[in-house]
Amino acid sequence: QEQLVESGGGLVQPGGSLRLSCLGSGFMFSIYGMDWYHQAPGKQRELVAHITSGGTTNYADTVKGRFTISRDNAKNTVYLQMNSLKPEDTGVYYCHARFYTNDPGYWGQGTQVTVSS
């Protein structure tokens, strides 16, 4: 059974850093594109970072220069390094695996990130 499990969320002060991890299982992780989505309280889920199976990355303008997505196919894991965190980065972060552009793919359960002093 396909599964994605996120970890690494928590409470951090503005300007701080967190690294999220997402472990995939039950599918051929290395050939899937991987996404991180952010859902702020009361808002829609938004794509913040994507990494292709080949390692090419793309970012939303709101996180460009602050967040870095990476993957370790040997560990079936995708990461999101988040630096210079802002209060507006608060929300639930979801991991998503997709084989093609409009593939509904697989979702994780999400991990909560709270940026507050």
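Located above this text is the structure these notes cover.
Everything in this summary refers to the structure shown in the same document.

Points about the sheet that holds strand β8 (residues 77–82)
Phase 1 of the analysis: Strand order in the open sheet made by the four strands is β1-β3-β8-β7, with antiparallel pairing throughout. This sheet does not close on itself; its edge strands, each paired only once, are β1 (3–7) and β7 (67–72). The sheet shows a mean angle of 15 degrees between the axes of neighbouring strands, taken without regard to direction.
Phase 2 of the analysis: Bridge analysis of β7 against β8 gives six bridges, and the strand direction is antiparallel. Within β8, the position partnered with aspartate 72 by the bridge is threonine 77.

Comments concerning the pairing of strand β3 (residues 18–25)
Working note: regular strand, side chains alternate between the two faces of the sheet.
Phase 1 of the analysis: As paired elements, β1 and β3 share five bridges and run antiparallel to each other. For valine 5, the partnering residue across the bridge sits in β3 and is leucine 23.
Phase 2 of the analysis: The pairing of β3 with β8 spans six bridges and is antiparallel. Across the sheet, leucine 23 pairs through a bridge with threonine 77, a residue of β8.

Basis of the calculations
Residues numbered from 1 in each chain as written. Predicted model: local features only at pLDDT ≥ 70, side-chain atom pairs only at ≥ 80, totals over all residues. Heavy atoms only, no water. Pairing = 2+ DSSP bridges. Helix = DSSP H or I, 4+ residues; strand = E, 2+ residues; numbered from the N terminus. Axes fitted to C-alpha atoms, helices over the stretch in contact; angles between N-to-C directions.

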